[in-house]
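Here is how the chains run, residue by residue.
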Amino acid sequence: MSEVKDNNNGSAVQNLIGTLKTNPKARYALIGGVVVIILALTLGGGSEVQQRAPATFTIGQSVTLENPNGGNSQLTTVPGLMSTSDAEEDKEQSVCLAKPGTKATIKEEQVVGQLPFVKVEVLDGDCKGKSGWTSKINLKAG
């Protein structure tokens, strides 16, 4: 390892060590900096976003509708995300709100953007007999 010389004819490392020995504030600043770096590395977490991957389903398979965020599963006339506004066009696209645990059968599957959607026919509950599209993430096997 090569040493860096300063203008005082001593090495920079020796000067730094000398300062740390004679100046307690410099010592505490160094120790505090090391502690902050260690805490940032251990408590900072990772940058990876964990997502729940949609399960693999087949046409004709029986499933249960269950929104992972809680609440009902929105069934629409076309695949894709729908706003929750009271606009007339949004009301026209809505087929039904299926309660958690509602049984259904998969009829079709389609990817819109990069999001997978499935068309289901509802077998029980308030939406019984209706067909509509919902996000694949709202399905649970069985």
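In short, a report on the structure. These numbers come from a predicted model, not from an experiment.

**Comments concerning the packing of helix H1 (residues 12–22) against helix H2 (residues 24–43)**
1) Next: Running from N to C, H1 and H2 cross one another at 105°; their axes reach a closest spacing of 5 Å. Compared by their axis directions, H1 and H2 come out roughly perpendicular. Contact residues: Thr19, Leu20, Lys21 and Thr22 in H1; Pro24, Ala26, Arg27 and Leu30 in H2.
2) Next: Among the residues making up the contact of H1 with H2, the classes are represented as four nonpolar, two polar and two charged.

**With respect to H2**
Because an α-helix packs 3.6 residues into every turn, residues spaced three or four apart end up facing the same way.
1) Next: Relative to the 28 Å expected for 20 residues at 1.5 Å per residue, H2 spans 28 Å between its end C-alpha atoms, a close match to the ideal helical length.
2) Next: At the N-terminal end of H2, a side-chain oxygen is found 3.1 Å from the backbone nitrogen of Lys25, two or three residues along, and the residue is Asn23.

**With respect to the pattern of salt bridges**
1) Next: Inspection of every chain in the model, using the stated rule, returns four salt bridges.
2) Next: Close ionic contact of Lys136 with Glu109 constitutes a salt bridge, the shortest N to O distance being 2.6 Å. One end of the pair, Lys136, is in the loop between strand E6 (131–135) and strand E7 (139–141); the other, Glu109, is in strand E4 (residues 102–112), and 27 residues separate them in sequence.

Definitions and cut-offs
Residues numbered from 1 in each chain as written. Predicted model: local features only at pLDDT ≥ 70, side-chain atom pairs only at ≥ 80, totals over all residues. Heavy atoms only, no water. Axes fitted to C-alpha atoms, helices over the stretch in contact; angles between N-to-C directions. Helix = DSSP H or I, 4+ residues; strand = E, 2+ residues; numbered from the N terminus. Parallel < 35°, antiparallel > 145°, perpendicular 65-115°, else oblique. Contact = heavy atoms within 4.5 Å. Nonpolar A, V, L, I, M, F, W, Y, C, P; charged D, E, K, R; others polar. Expected span 1.5 Å × (residues − 1). Polar contact = N/O pair within 3.5 Å; in protein donor to acceptor, adjacent residues only side chain to side chain. Salt bridge = Lys/Arg side-chain N within 4 Å of Asp/Glu carboxyl O.

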